[in-house]
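What follows is each chain in one-letter form.
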Amino acid sequence: MDLLDLIDAVQSVADGVLFGATYALLGIGFTLIFGVMHKLNLSYAAASIGAAYASLLILAGIEAPAIFVFLMAAVAGGVIGGLVYLIAFKFIPLANPLATLMSTVGLLLLIDEIIVHSTAGVPLNYPALFSDVIIPMGPFNLRGDLIFVFALGCVCMVVLLLLLYRTKLGLATRAVSQQPIASELCGISITHVNVLTFVLTGVVGGIAGAMTGAAIGMLSPLLSLPLTVKGLIVTVIGGLGSIPGAIIAGLVVGGLENFFQFFRGVSERDLYIMLLLFAFLIFRPGGIFPTTAGRD
Amino acid sequence: MLDLQAVSKHFGGVRAVDGVDLTVARGQILGLIGPNGSGKSTIVNLICGLFPLTSGRIVYNGADIADLPPHARVTMGIARTFQNIRLFGQLTVWQNLWVAQNSSEQRKQNFLKRWLGGSRSAREEIDRTLEFFDLAHKRDELAGNLAFGEQRRLEFARALSAKPALLLLDEPAAGMNAEEIDQLDGRIRRMRQDGITVLLIEHHVELVMSVADRIAVLNFGQKIAEGTPAAVQANPVVREAYLGTAAAA
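Residues numbered from 1 in each chain as written. Chains lettered and ligands numbered in written order. Predicted model: local features only at pLDDT ≥ 70, side-chain atom pairs only at ≥ 80, totals over all residues.

1. Some details on the overall build of chain A
The cut-off we apply is this: In DSSP terms, a helix is any run of H or I states spanning at least four residues, a strand is any run of E spanning at least two, and both are numbered starting from the N terminus. Each radius of gyration reported is based on C-alpha atoms, and the globular scaling rule is 2.2 Å times the count of residues to the power 0.38. Placing C-beta atoms from the backbone, we regard two residues as in contact once those atoms come within 7 Å.
Secondary structure assignment for chain A yields eleven helices and four strands. Relative to its length of 296 residues, chain A is compact, with a C-alpha radius of gyration of 19 Å against a globular reference of 19 Å. Sequence separation of 24 or more characterises 75% of the internal contacts of chain A that already satisfy a separation of 6 or more.

What follows is the structure, encoded as structure tokens:
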């Protein structure tokens with residue numbers, strides 16, 4: 001392999017890590033909901049893409065500059081998050097672990113169907129901000145749209161971490177995920193925390209959906225299933241319930257995806273990511289940061 | 001202040017609590033004792049709302065609270081500790097107390113102050129409570145890293161965080177040595193001085209006899225005696241429940 005190939009390889013991996021910020025956000029969403037409810041919300045990535053679609057719709061209606069698409073996606077994501085809780089969790093018996101799994105799979109398919117029907121299945125262009133900006137760094141070129149996506153992802157993560165670790169609202173959320181019964185008996189309403197978590201992760205998901213759209217320049221209903229799978233892989237590799245784990249795993253999976261794509265081609269790429277998942281499940285089932293048991 | 005009226009809790013065919021009447025007067029320390037499995041912890045769980053009642057009424061300050069969720073009862077002033085420690089292990093000592101400040105008075109604070117930074121009075125309250133429980137030097141330590149005795153004290157402190165009018169203590173002396181029990185004794189007395197009503201469930205008979213104003217005795221889910229510590233101690237029915245009769249043996 002000569003030097004030019006090496007430079008291309010590094011460039012590709014770097015692009016992947018930047019795009020990995022979207023996986024990290026989705027992973028955080030999955031992991032937060034799992035943390036407070038001990039349930040998987042399989043409709044999460046589909047809802048995130050749905051929020052990105054909704055942001056296009058709103059943007060077309062109000063004639064705002066393209067940058068507002070992210071704000072709209074965040075708001076739409078929050079609303080959809082609340083609806084997801086209402087539809088797939090509120091009235092479903094939580095004691096049965098399969099019930100919410102089925103209700104969220106159903107919701108995933110429903111959201112996909114809604115998107116397909118309302119767009120006739122045709123991909124829509126998404127405003128790719130800063131796509132004409134290229135920042136040269138030595139032999140490498142950093143794509144402006146990816147840098148923007150990455151920076152936005154980092155801002156989201158920092159805000160989220162501050163919220164979760166420094167405010168009482170976030171501490172209450174973490175208290176519920178550690179000791180649900182004791183939380184309730186300290187005066188914390190678990191229902192409020194659940195709703196809050198769904199709205200909050202919805203906002204994060206909406207931003208992640210918009211970031212995905214902006215990074216690849218379009219939205220398609222075909223995105224939701226792969227993003228669901230990637231989000232879940234990131235969650236498992238990072239350690240179910242671990243936020244730092246989801247961040248690191250998101251960036252790693254993003255980087256490795258492009259690494260394998262560069263060396264083995266796009267058709268084999270996901271194969272290796274799956275193998276990575278199985279390697280983790282066998283050799284380190286708790287993920288990068290296993291969350292300690294001790295919850296009742 | 002708290003009135004249990006013919007309260008029953010059946011788990012399938014098991015009558016864990018069966019038609020118990022119990023009154024806790026304001027400012028009083030009521031001890032609740034009984035052999036293992038006599039229904040003491042179930043009563044605490046019913047009062048704080050962890051289980052629904054099978055039948056009966058729980059009246060608190062004149063209102064029937066039997067249908068309220070647990071967090072609403074905390075807001076009304078009923079707090080508890082646990083027999084097995086249930087701290088928020090990944091939160092610091094200070095944060096454990098902060099998230100538990102949920103009384104109706106504390107809830108009235110400005111939303112942003114309350115949820116984002118904590119008002120000055122809230123922070124001072126936490127510092128005072130930590131001082132009272134000799135935990136001030138551990139305020140930034142993760143609760144999960146504390147020694148056993150410190151964790152017990154922190155649980156106690158956390159229960160006081162919501163400024164309860166009624167405190168349910170579920171075996172607070174379990175696993176404590178004589179010196180720690182002594183300190184516990186002192187703290188319970190101090191709380192009575194501060195006007196907190198206490199329902200104390202305890203196996204450690206000496207502690208209960210020492211601090212309780214009145215004692216109720218449970219056996220097989222039913223109340224078999226109630227009275228002053230001296231009267232309860234002298235009661236033959238109570239002796240029988242604890243030691244068994246010759247015929248039963």
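2. Quick notes on the overall build of chain B
The condition is simple: Residue burial here comes from a neighbour count, namely the number of other C-beta atoms, placed from the backbone, that lie within 10 Å of the residue's own C-beta, with 20 or more meaning buried, 12 or fewer meaning exposed, and in between meaning partly exposed.
Scanning chain B for helices and strands turns up eleven helices and ten strands. On C-alpha atoms alone, chain B measures out to a radius of gyration of 19 Å, which is about the 18 Å that the 2.2 N^0.38 rule sets for 249 residues. For the C-alpha atoms alone, the extent of chain B along its principal axes is close to 65 × 40 × 35 Å. Sorting the 249 residues of chain B into buried and exposed places 41% on the buried side. Sequence-distant contacts in chain B: of pairs separated by 6 or more residues, those separated by 24 or more amount to 67%.

3. Remarks on the sheet that holds strand E2 (residues 14-24) of chain B
All names here are of chain B. Here is the rule: A pair of strands is treated as paired once DSSP finds two or more bridges between them. The angle between two axes is taken between their N-to-C directions and runs from 0 to 180 degrees, where each axis is a line fitted to C-alpha atoms and a helix contributes only its stretch in contact.
Spatially, four strands are ordered E2-E1-E4-E5 in an open sheet, and the strand pairing comes out antiparallel. Across the chains shown, the open sheet's two edge strands, defined by having one partner strand only, are E2 and strand E5 (63-64). Contacts from helix H1 (residues 40-48) reach strand E1 (2-11), E2 and strand E4 (55-60), with the element oriented near 65 degrees to E2.

4. Digging into the sheet that holds strand E10 (residues 222-227) of chain B
Residue and element names in this part refer to chain B. The strand order across the open sheet formed by six strands is E6-E7-E8-E3-E9-E10, and the pairing between neighbours is mixed. Each of the sheet's edge strands pairs with one partner strand only, and the pair in question is strand E6 (78-80) and E10. Shown here is a sheet whose adjacent strand axes are inclined to one another by a mean of 20 degrees, direction ignored. Of the strand pairs in this sheet, strand E3 (residues 29-33) and strand E9 (residues 214-219) are connected by four bridges, and their pairing is parallel. Pairing of Gly-31 across the sheet is with Ile-215, part of E9.

5. Brief notes about the nonpolar core
When a protein is soluble and globular, its nonpolar side chains tend to lie buried together. Let me state the cut-off plainly: The term nonpolar core refers to a set of buried Ala, Val, Leu, Ile, Met, Phe, Trp, Tyr and Cys residues connected through C-beta atoms within 7 Å. Start and end positions for the domains come from either an automated domain assignment or a database one.
Ala24(A), Ala73(A), Val149(A), Ile207(A), Val99(B) and Leu200(B) are the most contacted members of the largest nonpolar core, which has 154 residues in total. Residue assignment places this core across two domains, with domain 1 (1-77 + 164-249) and domain 2 (87-162) of chain B each supplying three or more. With residues up to four places along the chain from it excluded, the contact list for Val149(A) reads Leu18(A), Phe19(A), Ala21(A), Thr22(A), Met211(A), Ala214(A) and Ala215(A).

6. With respect to the interface of chain B and chain A
Filter applied, for reference: Three classes are used, and their members are as follows: Ala, Val, Leu, Ile, Met, Phe, Trp, Tyr, Cys and Pro are nonpolar, Asp, Glu, Lys and Arg are charged, and the others, Gly among them, are polar.
Listed per partner, the contact involves 23 residues of chain B and 18 residues of chain A. Secondary-structure elements contributing two or more residues to the side of chain B that touches chain A are helix H2 (70-75), helix H3 (93-99) and helix H5 (111-117) of chain B. Per-element accounting of the side of chain B that touches chain A gives the leading share, four residues, to H2(B). Partitioned by chemical class, the residues of the side of chain B that touches chain A number twelve nonpolar, seven polar and four charged.

7. Thoughts on the environment of Gln193(B)
Relative to the helices and strands, Gln193(B) is located in helix H8 (residues 178-193). Placed 166 residues apart in sequence, Gln193(B) and Gly27(B) show a C-alpha to C-alpha distance of 8.2 Å.

8. Concerning the environment of Met137(A)
All names here are of chain A. Mapped onto the secondary structure, Met-137 falls in strand E2 (residues 134-137). For Met-137, a count of 9 C-beta atoms within 10 Å puts it in the exposed group. Spatially, the C-alpha atoms of Met-137 and Thr-22 are 23 Å apart, while their sequence positions differ by 115 residues.

9. A closer look at the pairing of strand E8 (residues 197-201) of chain B
Walk down a regular strand and you will see the side chains alternate between the two sheet faces. Residues and elements named next belong to chain B. In plain terms, the rule: Here, the term right-handed applies to a crossover whose path from the first strand over the helix to the second runs clockwise when the strands point away from the viewer.
Burial analysis of E8 places five of its five residues in the buried class, which makes it a mostly covered element. The alternating pattern of E8 places Thr-197, Leu-199 and Ile-201 on one face and Val-198 and Leu-200 on the opposite face, and all of these are buried. Bridge count for E3 against E8 is four bridges, and the pairing is parallel. By the bridge assignment for E8, Leu-32 is matched with Ile-201. One ladder, built from five bridges, connects strand E7 (residues 166-170) with E8; its direction is parallel. Bridge pairing links Asp-170 to Ile-201 in E8. Running through H8, the crossover from E7 to the neighbouring parallel element E8 is right-handed.

10. Remarks on the confidence of the model for chain B
How we decide: By definition, pLDDT measures how confident the predictor is in each residue, and it falls between 0 and 100.
Mean pLDDT for chain B: 89, with 94% of residues reaching 70 or above. Ranking the helices and strands of chain B by mean pLDDT puts E8(B) first, with 95, and H5(B) last, with 69.

11. Thoughts on helix H6 (residues 120-132) of chain B
Residues and elements named next belong to chain B. The following threshold applies: Residue count minus one, scaled by 1.5 Å, sets the expected span of a helix. The reported arc concerns the directions from the helix axis to the C-beta atoms and nothing else.
In this model, H6 (13 residues) spans 18 Å end to end at C-alpha, consistent with the 18 Å of a helix rising 1.5 Å per residue. The complete set of buried residues in H6 reads Ile-126, Thr-129 and Leu-130. Projected down its long axis, H6 carries its buried residues within an arc of 100 degrees, all on one side. Facing away from the buried side of H6, by more than 90 degrees, are the exposed residues Arg-120, Ser-121, Glu-124 and Arg-128. On its buried side, H6 packs onto H3 and helix H7 (148-161).

12. Topic: the packing of helix H2 (residues 44-62) of chain A against helix H9 (residues 224-238) of chain A
When two helices pack together, their arrangement is given by the angle between their axes and by how far apart the axes lie. Residue and element names in this part refer to chain A. Short version of the rule: Relative orientations are named as follows: roughly parallel for angles under 35 degrees, roughly antiparallel for angles over 145 degrees, roughly perpendicular for angles from 65 to 115 degrees, and oblique for any other angle. Helix crossings fall into two classes, left-handed where the near helix is turned counterclockwise from the far one by less than a right angle and right-handed where it is turned clockwise.
Two numbers describe how H2 lies on H9: the axes approach to 8 Å, and their chain directions differ by 130 degrees. For the element pair H2 / H9, the angle class is oblique. The crossing of H2 and H9 is right-handed. Every residue of H9 that contacts H2 at Tyr-44, Ala-45, Ala-46 and Ile-49 is listed here: Ser-224, Leu-227, Thr-228 and Gly-231. For the contact of H2 with H9, the residue count by class is five nonpolar, three polar and no charged.

13. Some details on the pairing of E3(B)
Most of E3(B) is tucked away: five of the five residues are buried. Along E3(B), one buried face is formed by Ile29(B), Gly31(B) and Ile33(B) and the opposite face, lined by Leu30(B) and Leu32(B), is buried too.

14. What about the environment of Ile233(A)?
Residue and element names in this part refer to chain A. Tracing the sequence through the fold places Ile-233 in helix H9. Taking the C-beta count within 10 Å as the criterion, Ile-233 has 22 such neighbours and is therefore assigned buried. Here the alpha-carbon distance between Ile-233 and Phe-280, two residues 47 residues apart in the chain, equals 9.8 Å. Apart from the residues within four sequence positions on either side, Ile-233 is in contact with Val-253, Ile-273 and Leu-277.

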